[in-house]
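# Analysis of the macromolecular model
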Amino acid sequence: MFLINCPYCGERDQSEFVSGGEAHIARPKQPTELNDDQWAEYLFMRKNIKGIQFERWNHAHGCRKWFNVARDTSNDKIEKIYKMGEQPPKI
Amino acid sequence: MSKNLRINNKQFVDETRKLSFIFNGKKLYGYKGDTLASALLSNDIHLVGRSFKYHRPRGIMTSGSEEPNAILQIGNDDALTDPNVRATEIELYDGLICNSQNCWPSVKFDIGGINNFLSPLLPAGFYYKTFMWPASFWEKYEYFIRKSAGLGKSPTKQDPDMYDHRYMHCDILIVGGGVSGLIAAKIASDDNKKVLLLEDKELLGGSLIYDDNDISKIDNQKSSEWLKKLIENIKNDKNIIIKTRTSLAAYHNYNFLLARQNLTDHLSVNDRNNKIRQRLYKIRAKKVIISTGAIERPQVFHNNDRPGIMLASAVKKYIDYYGVRCGLENVIFTNNDSAYETALSLHKSGTKLNAIIDIRDNSSSEIVNKVKSLGIQIYWNHTVVNTKGYKRINKIIIMKLNDKGNDVIGKKIELNCDCLAISGGWTPMVHLFTQSGGKLRFDNKDNIFVPDKTNLDQLSIGSAKGDFELDDVLKNSIKDTKKFLNIENSNFDKIDVKCSKEKEKKNIWLLPSDRPLSKTKPFLDYQNDSTAKDIKLALREGFKSIEHVKRYTTTGMGTDQGKLANMHALGIVADTTNTNMGDLGTTTFRPPYTPLTFGTIVGRNVGQFFDIFRKTPMHEWHVENNAKFENVGQWKRAWYYPKDGETMHDAVQRESKAARESSGILDASTLGKIDIQGTDANEFLNRVYTNAWSKLQIGKCRYGLMLNEDGMVYDDGVTTRLSENHYLMTTTTGGAANVMSKLEDYLQTEWPELDVFLTSVTDHYATASVCGPNAKKIINKIFKDLDLSDESFPHMSFKEVKLGEINCRVMRISFTGELSYEINVEASYGKYIWEKCIEAGKEFNITPYGTETMHLLRAEKGFIIVGQDTDGTMTPVDLQMDWIISKKKYDFIGKRSLYRSDTIREDRKQLVGLLTDDPNEILEEGAQIVKDENKKPVDMLGHVTSSYFSPTLKKSIALAVLKEGKQLKGQKLLVPMIDKTIKVTVSDTIFLDKENERING
Ligand SMILES: [Zn+2]
């Protein structure tokens, strides 16, 4: 069970959070301009890497805020937590 | 106790408190402080069970959690009996009842024992090889296998005991209250850290607390005396919380650990009343120190499993701690110095020690010299080649080892022996370390796996990390703990330790015998009856990975997870395949470390607390009026209200007829309600719904369909514009929380520029929905001043009105097709308004209806239920709801997906109506629809999603999803059932009132 440092509330148990998958996949501003392949790229394709992965988490049973987490998927270590809209850190 | 097995030892066992217990029907006695095992041994009982496969007699072998044999059924109460309890771990209490498990009819005469003579027919993989064919026989085999396998019996009644959960937080968690753990606790506490110290036994101190020889000394005191002072000191330390009888069950990532505390298992049954039996601690520790110690290894030789053969350290503990002799004719068989401590304890207690067999050439350590000086005969460079005695060992046969240690030479020597104390060295308890994800390193010198790399803030100390000699244990524990806690100095820095250093080491994983291996039974895993022979067979048959060998031979697969067996199994694999043990890797240990009862895991979440359920404010009324309930998400919703013994079908027919002919009332409080406010609320609705919202006027309602980004229908509901920038959205009952999360997600992450605020108000309002031709009259009776004319209050509009002091939001919306009003009030007025409606509707036979009738009424009108008629693969086009997709809007969630190559396929499954040729035949929901039954394989065209008998139409109606359904109207199809085939015709989805006239009453 992770211990997650919500940027708004502080350290809380993982059971208070839900994971929202890979981060930094912005919804296209003009979806109608995209062909099927480009839209599918946004809609379906995720990297699922081993190593540092940037992902979205939501403090669902707390402040309900979304934020970003840089997590090493090989050992679940959280390297960095940063707010929505911020750029991914260099790790 | 006629044999005089008790020696005078008043330190840990209270001989003034005699306790009686019953073992296999026989009344016996022990003392307070005994374990069940020590009490049995004091009664000269070694034989406690039969082995799993061969049903060989087995005796108590250890004094701890690694015990493979002494596994008993405790208690004979159908609700309270506990299977698979290790006699070495359970403290004796007055009135304890226990029975051997794996034997029939009795432990002394066991019919399964015949397997022992059949054993050439029961090799490794026997079950896999034999019971494979013919496959159809498996069910027959299974019955016999399960019957003869017979580990303990589960309780058959509900567990009446109480269990508890508690969260704990600490700076330093120390697992194991032996000497290294105690020192670490003190160092941490002196540094002002909050320490939690767990010990699975009743008392702190580990094995040093009963160490009574003069060879090991700390600060010039007997080590046990020194330790007792430290324990007193720690008990008075405010920084240290001590939990005894508490064993660590699991070590998870982020230093999250679970520990189980036994609170009543050591009390007599009468003293347990109204007490919590066990407590599960959920611990979050900043740092963890593992000081779980080591367990002794057996030696692997022919017939090494007879009752009376025990670990040397256990023999020592039974004497020094419990004051119990395990035999009167003892022999020690060892490959290392530690068993010589047992020799000293036997000598000191006046217990006869016939000889020591040592596979080493010699040792001249202080402790061995001391034993030599006592005149005890030591057979150096010898091994045991066989043992005798069926139900209890009575003789051993020893021979000299050759130079290489791979064969025996010379004459056989026979020695009398009723207790053989064996020691094959020590294995650090690294289970918790590996559970936490730590990686091990193989130490070639000591033939042990020791903790190596970890990602967590943790440290292993003492013999858990591979230090076995007292001075190593103490000095390294002090040094490592200081470094781990970043401390310069401690009060232990000048500690002075004297002990006997082990000089010689020698290890032979499988000891040679004068017989060929195929004629011997050198056991590795006592619980699963796997021998060294089985391992070799598995290797010959081509199994290479240790994980495969383990499963094929079942070595290490018992309830003890192979605590004793694993190292020898690995060693024999390495020897046979000429591999370095370190390259083989170990098997994985998984939580729990020792078995947990289900009660501990679920804690208080039993019975009505198993899961939370939500009740509407009108719930009590439904109960009083005989409603049957169904679960919708966590809600308890009134399902139907049977009258005078009605079946569900009868009740639903009556309820729906009443709603169509006069009036019905539904508790709609469970619908999800989201309060939406902000200057961009309207734009927000445009983005999340498929239809257009810009022109919705204040006081008007609109139905909306919400998609996922993949274009599939996600939720639906009516949203009302309460004022300029204020909307109330309703969602499906089950989807409320998900819709809320999804909308929040878009607001926070995709559209943070929008000025919109969402609040879930589902629980804040109660909703009574009154429908039917007489609904207007009823509402008029309640709200006398409200203008209900179609001009003032048309369909899909809303009015705010007061009933006395109560603010009511009345919406004229309909899910049944009837004229219908929904009254929303603050939840606390819910029951009041409901009863008001019932009272006002009395003269119109207002009939409460449940979810089943609601489903029928809406199906007559062809209204979908998201989640019943859709399953996450239906687009609005598939649902024939093209009308709700705005052509003007540039974008909304899911829009782009509606013209992906897959979503525009003509042959997608589409929503249709179905009518059975026989109007009385009701289809089963989920039934498959086909065109041609004879062309195999039969093409499945779709399935029935909703099906009812309509009392208004007097025929059966159904909704279904069907491939190319839109093209198939009027087509005859088949619904094959198990006993018949039902003929159906594809129809329109609207069965009743296509002109929508009823909506106006
Ligand atoms: Zn938070």
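Residues numbered from 1 in each chain as written. Chains lettered and ligands numbered in written order. Predicted model: local features only at pLDDT ≥ 70, side-chain atom pairs only at ≥ 80, totals over all residues. Heavy atoms only, no water.

### Description of the overall build of chain A
Counted only if it meets this: Only DSSP runs of H or I with at least four residues qualify as helices, and only runs of E with at least two residues qualify as strands; both kinds are numbered from the N terminus onward. Whether a residue is buried, partly exposed or exposed follows from its accessible area with a 1.4 Å probe, protein chains only, as a fraction of its type maximum: under 20%, in between, or over 50%, in that order. Should any heavy atoms of two residues lie within 4.5 Å, those residues are counted as being in contact.
When helices and strands are tallied, chain A shows one helix and six strands. Taken from N to C terminus, the helices and strands of chain A fall in the order β-β-β-α-β-β-β. Its C-alpha atoms give chain A principal-axis dimensions of roughly 45 × 30 × 25 Å. Across the 91 residues that make up chain A, the buried fraction comes to 36%. Across chain A, every contact between residues at least 6 apart in sequence was considered, and the portion connecting residues at least 24 apart equals 45%.

### Points about the overall build of chain B
For the record, the criterion: Accessible surface is estimated by sampling points in the Shrake-Rupley manner with a 1.4 Å probe; for residues, cover comes only from the protein chains shown.
Counting its regular elements, chain B contains 23 helices and 50 strands. Projected onto its principal axes, the C-alpha positions of chain B cover 115 × 70 × 55 Å. Counting over 1001 residues, chain B shows a buried share of 59%. Relative to all contacts within chain B whose residues are 6 or more apart in sequence, the contacts with residues 24 or more apart total 66%. Carbon together with sulfur atoms contributes 50% to the accessible area of chain B, which is approximately 42,500 Å² in total.

### Quick look at the domain arrangement of chain B
The criterion, for reference: For the purposes of this description, domain bounds are those given by an automatic or database domain assignment.
Each assigned domain of chain B is listed here: domain 1 (14-117), domain 2 (162-294 + 428-498), domain 3 (308-424), domain 4 (508-606), domain 5 (672-849) and domain 6 (895-1000). The centre of domain 3 of chain B, based on its C-alpha atoms, is set 85 Å off from the matching centre of domain 5 of chain B.

### Structural notes on the packing of aromatic side chains
All names here are of chain B. Let me state the cut-off plainly: Note on ring pairs: Phe, Tyr and Trp rings are taken, using the six-membered ring of Trp, and paired if centres are within 6.5 Å. Classes follow the plane angle, with under 30 degrees stacked, over 60 edge-to-face and the rest tilted. We call a charge positioned above a ring when the Lys NZ or Arg CZ atom is no farther than 6 Å from the ring centre and deviates by at most 35 degrees from the ring normal.
Following the criterion strictly, the structure yields 22 aromatic pairs over all chains and no others. Seen in terms of ring centroids, Trp-226 and Phe-492 are 6.3 Å apart; in terms of plane orientation they differ by 65°. Their pairing is edge-to-face. Taken as a pair, Trp-226 in helix H6 (residues 223-235) and Phe-492 in the loop between helix H11 (470-485) and strand S29 (497-498) lie far apart in primary sequence, 266 residues in all. Like Phe-492, Trp-226 is buried. Note on Tyr-746 and Trp-751: the rings are 5.0 Å apart at their centroids and 35° apart in plane angle, and the pair reads as tilted. Site record: aromatic cluster; members linked through ring pairs are Phe-12, Tyr-210, Tyr-318, Tyr-321 and Tyr-322. Residue placement shows Arg-272 over the ring face of Tyr-93; its charged tip is 4.5 Å from the ring centre. Here the guanidinium or amino end of Lys-317 rests over the ring plane of Tyr-321, the centre of that ring lying 5.0 Å away.

### Quick look at the interface of chain B and chain A
Under the convention used in this document: A simple way to read buried area is as the amount of 1.4 Å-probe accessible surface that goes missing from two parts once joined, with both sides added. The term salt bridge refers to a pairing of a side-chain nitrogen on Lys or Arg with a carboxyl oxygen on Asp or Glu at a separation within 4 Å. Counting of polar contacts relies on pairs of N or O atoms within 3.5 Å, with two restrictions inside protein: one atom must be capable of donating a hydrogen and the other of accepting it, and residues adjacent in sequence are counted only when both atoms are side-chain atoms. Residues are grouped as follows: Ala, Val, Leu, Ile, Met, Phe, Trp, Tyr, Cys and Pro are nonpolar; Asp, Glu, Lys and Arg are charged; every other residue, Gly included, is polar.
Contacts between chain B and chain A engage 26 residues on the former and 29 residues on the latter. When chain B packs against chain A, close to 2,500 Å² is buried across both sides, 45% of that on carbon and sulfur atoms. Its largest share of buried area at the contact with chain A, chain B owes to Tyr-254, Tyr-890 and Arg-896 of chain B, together 28% of the area lost on that side. Between Arg-896 of chain B and Asp-36 of chain A there is a salt bridge; the shortest N-O distance is 2.8 Å. Here chain B is connected to chain A by 20 residue pairs in polar contact (both at pLDDT 80 or more). Considering each element in turn, the side of chain B that touches chain A owes the most residues, seven residues, to helix H20 (residues 736-750) of chain B. For the side of chain B that touches chain A, a count of residues per class yields nine nonpolar, eight polar and nine charged.

### Things to note about the packing of helix H8 (residues 339-348) of chain B against helix H9 (residues 366-373) of chain B
All names here are of chain B. For clarity, the cut-off: Interaxial angle, 0 to 180 degrees, is taken between N-to-C directions of lines fitted to C-alpha atoms, where a helix line uses only the stretch in contact. In this scheme, a crossing is called left-handed if the near helix is turned counterclockwise away from the far one by less than a right angle; it is called right-handed if the turn is clockwise.
Taken N-terminus to C-terminus, the directions of H8 and H9 make an angle of 35°; their axes are 9 Å apart at the nearest point. H8 and H9 meet at a crossing whose hand is left-handed. Between H8 and H9, the residues in contact are Tyr-340, Glu-341, Ala-343 and Leu-344 and Ile-367, Val-368, Lys-370 and Val-371, respectively. Of the residues assigned to the contact of H8 with H9, the class counts are six nonpolar, no polar and two charged.

### Overview of the side chain of Thr-762 of chain B
All names here are of chain B. Position of Thr-762 among the secondary structure elements: in the loop between strand S39 (757-760) and strand S40 (765-771). Judged by relative accessible area, Thr-762 falls into the buried class, the value being 6%. Within the structure, the side chain of Thr-762 is placed 3.0 Å from the backbone nitrogen of Lys-673, a separation counted as a polar contact. The residues touching Thr-762, leaving out its near neighbours within four places in the chain, are Arg-614, Trp-635, Ser-669, Thr-670, Leu-671, Gly-672 and Lys-673.

### Remarks on the pairing of strand S6 (residues 77-83) of chain A
Residues and elements named next belong to chain A. To keep it simple, the criterion reads: Any two strands between which DSSP finds at least two bridges are classified as paired.
Where strand S5 (residues 66-72) lies against S6, six bridges are found, and the strand directions are antiparallel. In the sheet register, Asn-68 faces S6, and the bridge partner there is Tyr-82. Adjacent in sequence and paired antiparallel, S5 and S6 are bridged by four residues, among which Asp-76 carries a positive phi angle near 65°.

### Brief notes about the nonpolar core
Residue and element names in this part refer to chain B. Rules: In these notes, a set of buried Ala, Val, Leu, Ile, Met, Phe, Trp, Tyr and Cys residues joined through side-chain atoms within 4.5 Å is what counts as a nonpolar core.
Counting residues in each nonpolar core, the largest one holds 118 residues, and the members touching the most others are Leu-36, Leu-40, Tyr-318, Ile-396 and Leu-420. If one sorts the elements of this core by residue count, helix H5 (residues 179-190) sits on top with seven residues. Setting aside residues no more than four positions away along its own chain, Leu-40 makes contact with Phe-21, Phe-23, Leu-28, Ile-45, Val-48, Ile-60 and Leu-72. One finds Leu-257, Tyr-281, Leu-524 and Val-549 within the second-largest nonpolar core, a separate group that totals 43 residues.

### Focus: the coordination of the zinc ion
Residue and element names in this part refer to chain A. Note the following rule: Only nitrogen, oxygen and sulfur atoms qualify as donors, provided they sit within 2.8 Å of the metal or within 3.2 Å for Na, K and Ca; with water excluded from the atoms, sites may seem incomplete. Only two sets of limits are used to name each site, 85 to 135 degrees for every angle of a tetrahedral four-donor site, and over 155 degrees for opposite donors with all other angles from 65 to 115 for a square planar four-donor or octahedral six-donor site, with any other site named irregular.
Protein coordination at the zinc ion: the donors are Cys-6 (SG), Cys-9 (SG), His-59 (ND1) and Cys-63 (SG), at 2.0 to 2.3 Å from the metal. Taken together, the four donor atoms coordinating the zinc ion and their angles of 104 to 115° define a geometry best described as tetrahedral. We note that the donor set of the zinc ion lies within a single chain, spaced as C-x2-C-x49-H-x3-C. Note that Cys-6 is positioned in strand S1 (residues 3-6) and His-59 in the loop between strand S4 (52-58) and S5, a separation of 53 residues in sequence.

### Points about the sheet that holds strand S6 (residues 82-86) of chain B
All names here are of chain B. Taken in spatial order, the five strands of this open sheet run S2-S1-S7-S5-S6, and their pairing is mixed. On the outer flanks of this sheet lie strand S2 (26-32) and S6, each paired with one strand and no other. Across the sheet, the mean angle from the axis of one strand to that of its neighbour is 40°, orientation sign disregarded.

### Brief notes about the sheet that holds strand S37 (residues 713-723) of chain B
All names here are of chain B. Here five strands make up an open sheet; going across it, the order is S36-S37-S38-S35-S39 and the pairing antiparallel. What marks the edges here is a single partner per strand, and that holds for strand S36 (701-707) and S39. When strand polarity is set aside, the average angle formed by the axes of neighbouring strands in this sheet is 25°. Sheet topology note: the strand S35 (residues 672-677)/strand S38 (residues 726-731) ladder contains six bridges and is antiparallel. Bridging from a neighbouring strand, Lys-673 pairs with Thr-730 of S38. Strands S35, S36, S37, S38 and S39 of the sheet are contacted by H20, whose axis makes an angle of about 165° with S39.

### Quick word on H20 of chain B
This is how the line gets drawn: A helix's residues, less one, multiplied by 1.5 Å, set its expected span.
The end-to-end C-alpha distance of H20 of chain B, which contains 15 residues, comes to 21 Å, matching closely the 21 Å that a straight helix rising 1.5 Å per residue would cover. Considered for burial, the residues of H20 of chain B that qualify are Ala-736, Val-739, Met-740, Lys-742, Leu-743, Glu-744, Asp-745, Tyr-746, Leu-747, Gln-748, Thr-749 and Glu-750 of chain B.

### Some remarks on the pattern of salt bridges
All names here are of chain B. For the structure shown, the criterion picks out 71 salt bridges over all chains. We note a salt bridge from Asp-265 to Arg-277, for which the minimum N-O separation is 2.8 Å. Of the two residues, Asp-265 is situated in the loop between strand S14 (256-262) and strand S15 (276-290) and Arg-277 in strand S15; the sequence distance between them amounts to 12 residues. As far as burial versus exposure is concerned, Asp-265 and Arg-277 are alike and both buried. Here Asp-446 and Lys-445 are joined by a salt bridge, their closest N and O atoms 3.8 Å apart. Exposure remark for Asp-446: the relative accessible area of 15% places this residue in the buried category.

### A closer look at the pairing of strand S9 (residues 195-198) of chain B
All names here are of chain B. Residues Val-195 and Leu-197 of S9 are buried on one face, and the alternating residues Leu-196 and Leu-198, pointing to the opposite face, are buried as well. Strand direction decides the pairing type here: strand S8 (residues 162-175) and S9, joined by four bridges, are parallel. Paired with Ile-172 across the bridge in S9 is Val-195. Pairing of S9 with strand S12 (residues 240-243), which is carried by four bridges, proceeds in the parallel orientation. By the bridge assignment, Leu-196 is partnered in S12 with Ile-241.

### Structural notes on unusual backbone geometry
Residue and element names in this part refer to chain B. Residue Pro-592 is bonded to the preceding Pro-591 through a cis peptide linkage, with omega at -5°. A cis amide bond, omega -5°, links Lys-936 with the succeeding residue Pro-937. Along the chain, Pro-937 turns up in the loop between strand S46 (928-929) and strand S47 (942-950). One non-glycine residue, Asn-84, lies in positive phi territory at about 60°. Relative to the helices and strands, Asn-84 resides in strand S6. Residue classification places Asn-84 among the partly exposed residues on the basis of a relative accessible area of 24%. The phi dihedral of Lys-954 falls on the positive side, at around 55°, and the residue is not glycine.

### Considerations on the environment of Ala-355 of chain B
All names here are of chain B. Topologically, Ala-355 is positioned in strand S19 (residues 353-358). In this structure the C-alpha to C-alpha distance between Ala-355 and Tyr-379, which are 24 residues apart in sequence, comes to 7.4 Å. Ignoring any residue separated from it by four or fewer positions in sequence, one finds Ala-355 in contact with Asn-330, Val-331, Ile-332, Gln-377, Tyr-379 and Leu-415.

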